[in-house]
Amino acid sequence: MRPLRALRVLSTAVAVGCAVAACGSRSDGEAGAAPGAASPAVPVTVVEAVRKDAPIDVRAIGTVEAHATVAVKPLVGGDLAEVHFTEGQEVRTGDLLFTIDRRPFEAALAEARANQVKAEVEARNAEDDARRIATLGNEGIVSREEYDRSQARAASARANRAAAAAAVAAAKLEVDHAVIRSPLDGRVGRRLVDPGNIVEANQTLLVVIHRTRPIFVRFTVPARELPRIRRQSAEQRLPVTVWSNGEAEDPLQGELTFLDNSVDAATGTVLLKALFANEGERLWPGEFVDVSLRVGLRRAVVLAPKRAILTGQQGRYAFVVRPDSTVEVRTVVEGETVGEDTVVEKGIEAGERVVVDGQLALKAGMRVEARAAAGAKTPAASAAKAGAEAAS
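Here the residue numbers are simple positions, counted from 1 along each chain's written sequence. Restriction of local features to residues with pLDDT of at least 70 applies here, the model being predicted, together with a cutoff of 80 or more for giving and counting side-chain atom pairs; totals for whole chains, interfaces and linings are based on all residues. Each side-chain value is derived from all of the structure's non-hydrogen atoms; neither hydrogens nor water enter the calculation.

Draft legend 1. Summary view of the packing of aromatic side chains. Stacked, tilted and edge-to-face are the three classes assigned to paired rings of Phe, Tyr and Trp, where Trp is represented by its six-membered ring and a pair needs centres within 6.5 Å; plane angles under 30 degrees give stacked, over 60 edge-to-face, the rest tilted. The full count for this structure, using the stated rule, is two aromatic pairs. Taking 5.3 Å as the distance between ring centres and 85° as the angle between the ring planes, the aromatic pair formed by F85 and F98 counts as edge-to-face. Of this pair, F85 sits in the loop between β3 (78-83) and β4 (90-91) while F98 sits in strand β5 (residues 96-100), and the two are 13 residues apart along the sequence. As far as the burial class goes, F85 and F98 line up, both buried. With a centroid separation of 5.8 Å and an interplanar angle of 85°, the aromatic rings of Y317 and F319 are classed as edge-to-face. Geometrically, a charge over a ring is one whose NZ (Lys) or CZ (Arg) sits within 6 Å of the ring centre while staying within 35 degrees of the ring normal. Sitting above the plane of the F216 ring, K273 keeps its charged end 5.4 Å from the centroid. Only DSSP runs of H or I with at least four residues qualify as helices, and only runs of E with at least two residues qualify as strands; both kinds are numbered from the N terminus onward. The rule is simple: take the accessible area with a 1.4 Å probe, protein chains only, and divide by the maximum for that residue type; under 20% is buried, over 50% is exposed, in between is partly exposed.

Below, the structure is given as structure tokens:
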């Protein structure tokens, strides 16, 4: 029995030794891991919030509209003889556009003039007879009835003379209307009728002319902007900027000239129009443009990039880098949009760095490796440019 007890004691000692060894090994592993416990810094891109004057703009999509549009139709009917312009050509007021065959109208004018001569002769004869009979009546040679008839014939002849003169004027006007001229400065569209076709007076559309210098841009804004627009436009002409065909670096400058007298109940918007000189004809009737209407200027507000502001379950927020290179989550209250930036009413102070790239990998308290946004427009640059534009 003694050998068996000795064997049990030896087994117990081995088990205890193994347990101690395992504990020591785990303890050594934990102690070795302690120096590397801190997570590596997350690389992020940051921009510094600034305090600047911020112009307040209302953005919209606008449609270019000709300053004036004329649909040219003939005032007389007949055979279209000639076309005197090239499609798409720029024309001036009075430039010759079309000629309708004038021969029928010239013949009618000649007939009217002949009738006028005849009426003139008859009127002179009737007036001479009336004067002669009036003299005889004073001497008692002719009756009162004969005198009255002579006066009536003279009056009728004078009326016929006047009618003949009016017929000549009307015939001459038709001859003039057979020559169709441009009623305004503008640019003609495509020719809608070719020579040789019969055109009808006041019916056949020949061509459409658009006046493109100056030119309008019409756009709509939400009705909530109406009080501010009315208040500002009562004090001064509001500047309007448009970007045509993606020309973001070379906008056109105009001014607000029209505010509709009612709000569209279906859309909750109000129609506005802005006038542009359009000297180089960069704006073309019917095209869509980006519109920015300046409605005010806010002094000394905090600006931060729009892409720094995120949306979460608790609302709008941003990651702010603290001096110790860790981030904290700030609830943000936004104001107006200023270009690529936004006015921060609450949550971020001027001089604080906000994360604009890399937010998806962040949590509150994490350590970051912050680098400035390369080539990005900072709020300082945006605000400085906007302030300069507002001052100008």
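Moving on from the model shown.
Draft legend 2. Representation of the nonpolar core within the structure. Grouping buried Ala, Val, Leu, Ile, Met, Phe, Trp, Tyr and Cys residues that are joined through side-chain atoms within 4.5 Å yields what is termed a nonpolar core. Ranked by size, the top nonpolar core spans 24 residues in total, and within it V217, F219, V240, V242, F276, L283 and L293 carry the most contacts. Listed in part, the 23 residues of the second largest apolar core include F98, L109, V168 and I209.

Draft legend 3. Quick look at the pattern of salt bridges. What makes a salt bridge here is a side-chain nitrogen of Lys or Arg within 4 Å of a carboxyl oxygen of Asp or Glu, nothing more. What the rule picks out here adds up to 31 salt bridges. For D128, the salt bridge is made with R131, and the minimal N-O distance between the two is 2.2 Å. Of this pair, D128 and R131 are both found in helix α2 (residues 103-138), three residues apart, which corresponds to roughly one turn of the helix. What emerges from the salt-bridge pattern is a single network uniting E225, R228, R298, E336 and E345.

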